[in-house]
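# Coordinate inspection notes
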Amino acid sequence: MKHTRRAFSKLAGAGIAATAMPQLSAPAIAQDKPLKIGILAPRSGAAGTAGECGIRAVQWAADRMNKEGGIAGRKFQLVIEEETNPKDTIERFRRLVLQEKVDAVHGLISTGVSLGVAPVAEEEQALLVMWDGTTQDGVKEVMPKSRYVFRSTDNECEAVMASLLAVKYFKGQFKRIAGINPDYSYGRNNWEAFRQILKRYGVEVEVVAEQWPKVGTLDLTSNIAALKAAKPDLIFSSMLFADLPVFMKQGAAAGLFDGTKVVLPAAGWQINQLKKEFMPEGVIFGHNTLYFAYEQGSALQKAFVMDYMDRYKEAPHWEADRAYFALAAYKAGVEAAHKAGGKWPTQDKVSEAMLGVEVESLGGKGRFRKDRIAEQVFYQGPSTNKNQYDFPTLASVDVLQASQLQKPPGSDFWEWIKTAKMPV
């Protein structure tokens, strides 16, 4: 027999599960026990540093929230499992839900993994609040009517914003463009979005080179040689794993960036590895939903960044914000449903209560739309090496809302990008 949450519920309804504790009601048990929140995040491999940053942030948030009373008066604990390949991560998800009996699962960074886990969460009727890894097939929604799965902002948001900033800061300064992007849907979608936005703004360009290295390729000399031979005025790259610092270092050594504009929509994920010694000035540099040095940031952001940098001796990036946001939105949903019903809420009640509730996260205020996709604040701008760190910061900060950067519920991304009212 397949052991699912629904199968267990049927047994319980028949009186089988209740025989072990006949004197206690389910609500009483729920109120006495601490909440358990499962975490699925990578701790090694290409996305290992991102996963660790998210885990550190959610642990910081849990300590802070528990000191303030927990969630609806109940303390909670984290049960951390590793995100790896889809098959093994699905097994760990089931273990968290069916054996550990967690109240919700947060995490996931890889889109490939989330595409496997999300349908299982719906099947198990288990709340899954994603940090990243938006469940899209390209830019077509795989689960347009999810009930238990809450997704991050669309992956293409940072590419849309970086493309708009390229027009804002570089218009008239480039004619020949080249792209080097990861060879899967994320990289291909971002490159195509960049080209379509240039077209919308009447920027006439010639594509002189396209390079598609596999994720994790650490010898990019042949790709760099091809780019250099093409003599582009601007290079666009949505690389974001450990291969991005490698590309920038090897490219700088080859003189690739001499006199060339550079657009890096997802560079913030590798902020600590992108050293001044090989980073050119004035790169369009994407920090997604958290820019650690944002002077107008909230007291919450400043407290987190100070604690994080003091403890880990490096800057936090957007995965910290995504982890905090997932927890804050879940907390708000539980507490709203608990208050409305006067008792501990079901998964369905929490899921409904999370919709539209605005919460403060590390990078600013955010909420989940009616289609359970996040809307948050995005930060990008031209970079500078004139700072106190050994990596670039932003010379000026452009701030946009996800509502300005991602398609509305139910719409097609490519149709939306042709007609959307752009903020630049």
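Since the structure is predicted, the reported quantities are computational estimates derived from the model, not experimental observations. (Residues numbered from 1 in each chain as written. Predicted model: local features only at pLDDT ≥ 70, side-chain atom pairs only at ≥ 80, totals over all residues. Heavy atoms only, no water.)

### Examining the overall build of the protein
Within the protein one finds 13 helices and 18 strands. Each of the three principal axes of the protein carries a C-alpha extent, and together these read 75 × 40 × 40 Å. Every one of the 424 residues in the protein was classed for burial, and the buried ones make up 54%. Restricting the contact set of the protein to residue pairs at least 6 apart, pairs at least 24 apart contribute 70%. With the model as given, the accessible surface of the protein reaches about 17,600 Å², and the carbon-plus-sulfur share is 51%. (Helix = DSSP H or I, 4+ residues; strand = E, 2+ residues; numbered from the N terminus. Buried < 20%, exposed > 50% of the residue type's maximum accessible area, 1.4 Å probe, protein only. Contact = heavy atoms within 4.5 Å. Areas by Shrake-Rupley, 256 points an atom, 1.4 Å probe, with all protein chains shown as cover.)

### Remarks on the nonpolar core
Counting 84 residues, the largest nonpolar core has Phe247, Met248 and Tyr330 as its most contacted members. Excluding its chain neighbours within four sequence positions, the residues that come into contact with Met248 are Phe257, Val262, Leu264, Leu274, Phe278, Met279 and Pro280. (Core = buried A, V, L, I, M, F, W, Y, C linked by side-chain atoms within 4.5 Å.)

### Some words on the sheet that holds strand E7 (residues 149-150)
The strands that make up a sheet pair up through hydrogen bonds in the backbone, lying either parallel or antiparallel. The strand order E2-E1-E3-E4-E7 describes an open sheet built from five strands, whose pairing is parallel. Each end of this open sheet is capped by a strand with a single partner; those strands are strand E2 (76-82) and E7. Pairing geometry for strand E1 (residues 35-41) and strand E3 (residues 104-107), over four bridges, is parallel. When the sheet's bridge partners are listed, Ile37 is paired in E3 with Ala104. Against the sheet, helix H3 (residues 48-67) contacts E1 and E2, and its axis sits at roughly 170 degrees relative to E2. Helix H11 (residues 318-341) contacts E1, E2, E3 and strand E4 (128-130) of the sheet and is inclined by roughly 155 degrees relative to E3. (Pairing = 2+ DSSP bridges. Axes fitted to C-alpha atoms, helices over the stretch in contact; angles between N-to-C directions.)

### Focus: the sheet that holds strand E15 (residues 374-375)
Taken in spatial order, the three strands of this open sheet run E13-E14-E15, and their pairing is antiparallel. Among the strands making up the open sheet, the edge pair consists of strand E13 (359-361) and E15. Sheet strands in contact with H11 are E13, strand E14 (364-368) and E15, and its direction is about 160 degrees off that of E13.

### A word on the confidence of the model for the protein
This prediction gives the protein a mean pLDDT of 92; 92% of its residues lie at or above 70. A low-confidence stretch, residues 6-29 (pLDDT under 50), is modelled with ten contacts involving residues beyond four sequence positions or located in other chains. (pLDDT = per-residue confidence, 0-100.)

### Focus: the packing of aromatic side chains
Applying the stated criterion across every chain, the model contains 20 aromatic pairs. Measuring from ring centre to ring centre gives 5.5 Å for Phe304 and Tyr308, while their planes differ by 50 degrees; the resulting arrangement is tilted. Of this pair, Phe304 and Tyr308 both sit in helix H10 (residues 299-312), separated by four residues, roughly a single helical turn. Considered together, Phe304 and Tyr308 belong to a single accessibility category, that of buried residues. Here the aromatic residues Trp60, Phe304, Tyr308, Tyr312 and Tyr324 are joined through ring pairs into a cluster of three or more. Looking at Arg74, its charged tip hangs above the ring of Trp344, at a distance of 4.4 Å from the centre. One Lys or Arg, Arg188, reaches over the ring of Trp212 and ends 4.0 Å from the middle of that ring. (Phe/Tyr/Trp six-rings, centres within 6.5 Å; stacked < 30°, edge-to-face > 60°. Lys NZ or Arg CZ within 6 Å of the ring centre and 35° of its normal.)

### Some words on the packing of helix H8 (residues 221-230) against helix H9 (residues 243-253)
In a pair of packed helices, the angle between the axes and the distance between the axes together describe the arrangement. Between H8 and H9, whose axes approach to 10 Å, the crossing angle comes to 55 degrees. Relative to H9, the element H8 lies oblique. Viewed along their axes, H8 and H9 form a crossing whose handedness is right-handed. Seen from H8, the contacting residues are Thr221, Ile224 and Leu227; seen from H9, they are Phe247, Gln250 and Gly251. (Parallel < 35°, antiparallel > 145°, perpendicular 65-115°, else oblique. Left-handed = near helix turned anticlockwise from the far one by under 90°.)

### With respect to the environment of Ile39
Tracing the backbone shows Ile39 in strand E1. For the pair Ile39 and Val129, spaced 90 residues apart in sequence, the C-alpha to C-alpha distance is 9.7 Å. For Ile39, the contacting residues outside a window of four places in its chain are Ile55, Val58, Leu78, Val79, Ile80, Glu81, Leu96, His106 and Trp131.

### Considerations on the side chain of Arg74
In this structure, Arg74 sits in the loop between H3 and E2. Looking at Arg74, its side chain comes within polar contact range of the main-chain oxygen of Lys33, at 2.6 Å. (Polar contact = N/O pair within 3.5 Å; in protein donor to acceptor, adjacent residues only side chain to side chain.)

### A few points about the side chain of Gln211
By secondary structure assignment, the location of Gln211 is in strand E9 (residues 206-211). For Gln211, a relative accessible area of 17% puts it in the buried group. Within the local environment of Gln211, its side chain forms a polar contact with the side chain of Asn223, the two groups lying 2.8 Å apart. With residues near it in sequence (within four places) discarded, Gln211 still touches Gly179, Ile180, Asn181, Asn223, Ala226 and Leu227.

### Let's talk about the pattern of salt bridges
What the rule picks out here adds up to 26 salt bridges. Asp183 is the salt-bridge partner of Lys214, the closest N and O atoms lying 3.1 Å from each other. On the criterion of sequence distance, the pair formed by Lys214 in the loop between E9 and H8 and Asp183 in the loop between strand E8 (176-180) and helix H7 (185-200) is long-range, its members being 31 residues apart. Judged by relative accessible area, which is 54%, Lys214 ranks as exposed. With relative accessibility at 24%, the residue Asp183 sits in the partly exposed group. Note that Lys418 is salt-bridged to Glu415, the shortest N-O span being 3.3 Å. Of this pair, Lys418 and Glu415 both sit in helix H13 (residues 413-419), three residues apart, which is roughly one turn of the helix. The class of Lys418 is partly exposed, set by a relative accessible area of 47%. Judged by its relative accessible area of 46%, Glu415 falls in the partly exposed class. A cluster of three or more residues bridged by salt bridges with shared partners is formed by Glu141, Arg151, Asp154 and Lys407. (Salt bridge = Lys/Arg side-chain N within 4 Å of Asp/Glu carboxyl O.)

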